[in-house]
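# Structural overview
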Amino acid sequence: MALAASTTLTATAQSVTDVFANEDFIKHVSETVGGELQSFTINGATTGAFTTQTVRTLPTTRMPDIAKKVLGATLTVTQDESWSAPAADGSRTNTIKLTVAKAPVDVSAVQKLVVSGESTVVELTGEVKSSVPFLGAKIASAAEPVIGRALNLQATLAQEWLNTHS
C-alpha cells in the first residue's frame, strides 16, 4: 500500500530538521499518541548528513480487533532514519524505515524537506508491505492508514513545537 502526504511548515528546513531530530520532540510525539519513547540515538550533527534511531511502544487501541489479538495491548516500533546533508538551498532528504516487532509489516518511506520561500514543504512518500502469504495485502492495507496518520501527525506536531519552542 502506498503512503503519500504533504505538509507546509512555516520554518526553515534546518529548523524543521532540528525539530525532527530533537529527543524531547520525539518523546512528545510518542506520548501524544499514547505511546512511550524507549530510546533515541543520533549519529552526526543535524547540519550535515546524520542518522537517528527511535524505538517506541505504541498502543494498539486504534487497530482492528484481529491485530489487537495478535499483537496485544502495545507494539514496539523501531524507526531508522538516514538524513542527507542539506543541498545548496537547504532542502534535504530523509530515508525512513519502520519495523514493527511481532508484526509482519515493513515500512519504507522518503521524506523530503523542500525549501519554499520562508517555509518548508514536508513531502512523504512510501510503501507498507507485509510478507505474510495470502494475507499480506490485507495486513498492509490495515496498517497503511495508521502508519500514514502517525507520520503525518509528526509534521503537524512539528509546527506546534516550532511555534512554542523557538
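Scroll up to find the structure.
Here the structure is a predicted model, which is why all the values come from computation and not from measurement.

### Describing the side chain of threonine 46
- Along the chain, threonine 46 falls in the loop between strand E2 (36–43) and strand E3 (50–59).
- Here the side chain of threonine 46 touches aspartate 18 through a polar contact of 2.6 Å, side chain to side chain.

### Observations concerning the pairing of E2
- In the sheet, E2 pairs with E3 via seven bridges, with the strands oriented antiparallel. Along E3, the bridge assignment pairs phenylalanine 40 with threonine 54.
- Taking the residues between adjacent antiparallel strands as the criterion, E2 and E3 are bridged by six residues, where glycine 44 takes a positive phi near 105°.

### Here's the deal with the nonpolar core
- With 20 residues, the main nonpolar core has Val16, Val19, Phe20, Phe25, Leu113, Val122 and Ala158 as its most contacted residues.
- Secondary structure elements with two or more residues in this core: helix H1 (13–20), helix H2 (23–32), E2 and helix H4 (136–164).
- Listed in part, the 14 residues of the second largest apolar core include Leu75, Leu98, Val105 and Leu124.

### Considering the environment of alanine 4
- Along the chain, alanine 4 turns up in strand E1 (residues 2–9).
- The spatial distance from the C-alpha of alanine 4 to the C-alpha of alanine 109 is 9.1 Å, given a sequence separation of 105 residues.
- Each residue touching alanine 4, except ones within four places of it in the same chain, is listed here: Leu124 and Thr125.

Calculation rules
- Residues numbered from 1 in each chain as written.
- Predicted model: local features only at pLDDT ≥ 70, side-chain atom pairs only at ≥ 80, totals over all residues.
- Heavy atoms only, no water.
- Helix = DSSP H or I, 4+ residues; strand = E, 2+ residues; numbered from the N terminus.
- Polar contact = N/O pair within 3.5 Å; in protein donor to acceptor, adjacent residues only side chain to side chain.
- Pairing = 2+ DSSP bridges.
- Core = buried A, V, L, I, M, F, W, Y, C linked by side-chain atoms within 4.5 Å.
- Buried < 20%, exposed > 50% of the residue type's maximum accessible area, 1.4 Å probe, protein only.
- Contact = heavy atoms within 4.5 Å.

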